[in-house]
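# Architecture at a glance
Each chain is listed here by its residues.
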Amino acid sequence: MSFRIAKKQALKSKFGRHRVGAVIVKGNRVLSTGYNERRYSNITKHSTIHAEEAAVVALLKERRFSDLAGSSIYVTRYTAGGSIGLAKPCGRCSKLLRSVGVNRCYYSDNDGYGELKLNV
């Protein structure tokens, strides 16, 4: 179910080459969603915001920081041709996810899905 929600988020992205969507879950509860887009963020200080960052920032804006501890994130990417691509978080996003307490990241790749343990 979580990858299905991440796909819906990815399809909202206006990026032609990589459309990435993310969903943060805890138990069976969806906490937040996000997708990559071009917009400046005062929090990240970048002109583009990654899907993982967008999902985290949405929770931080609602002052729900404590909800992130022990959560998981699902990330998927669609290429320009419409196929699933590698969506493993970059170093910046991995560091952010660790710092806010996300334990696991499940991501799409060319062969299916992978898992990244963030807080071991």
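These remarks concern the structure in this document. (Residues numbered from 1 in each chain as written. Predicted model: local features only at pLDDT ≥ 70, side-chain atom pairs only at ≥ 80, totals over all residues. Heavy atoms only, no water.)

A few words on the packing of aromatic side chains. The tally for this structure, following the rule as stated, stands at 3 aromatic pairs. Ring centres of Phe-3 and Tyr-74 lie 5.1 Å apart, and the angle between their planes is 90 degrees; on these two criteria the pair is classed as edge-to-face. Highlighted residues: Phe-3 in helix α1 (residues 2–10) and Tyr-74 in strand β5 (residues 72–79), separated in sequence by 71 residues. For the pair Phe-3 and Tyr-74, a shared accessibility class is recorded, and that class is buried. Their ring planes at 35 degrees and their centres at 4.2 Å tell us that Phe-3 and Tyr-113 sit as a pair that is tilted. (Phe/Tyr/Trp six-rings, centres within 6.5 Å; stacked < 30°, edge-to-face > 60°. Helix = DSSP H or I, 4+ residues; strand = E, 2+ residues; numbered from the N terminus. Buried < 20%, exposed > 50% of the residue type's maximum accessible area, 1.4 Å probe, protein only.)

Within the largest apolar cluster, 19 residues are counted, with the highest numbers of intra-cluster contacts made by Ile-24, Leu-68, Ile-73, Val-75, Val-102 and Cys-105. Every element with two or more residues in this core is listed here: β1 (18–26), α2 (51–61), β5, α3 (91–100) and β7 (104–109). Residue contributions to this core peak at 4 residues, all from α2. Apart from the residues within four sequence positions on either side, Leu-68 is in contact with Ile-24, Val-56, Leu-59, Leu-60, Val-100, Gly-101 and Val-102. (Core = buried A, V, L, I, M, F, W, Y, C linked by side-chain atoms within 4.5 Å. Contact = heavy atoms within 4.5 Å.)

It is worth spelling out α3 at this point. Three or more residues of α3 are buried, namely Cys-93, Ser-94, Leu-97 and Val-100. Each buried residue of α3 lies within a common arc of 140 degrees when the element is viewed along its axis, so the set occupies one face. Exposed and oriented more than 90 degrees from the buried face of α3 are Gly-91, Lys-95 and Ser-99. Looking at the buried residues of α3, the elements they touch are α2, β5 and β8 (112–117). At the C-terminal side of α3, Gly-101 shows a positive phi close to 100 degrees. (Arc of directions from axis to C-beta.)

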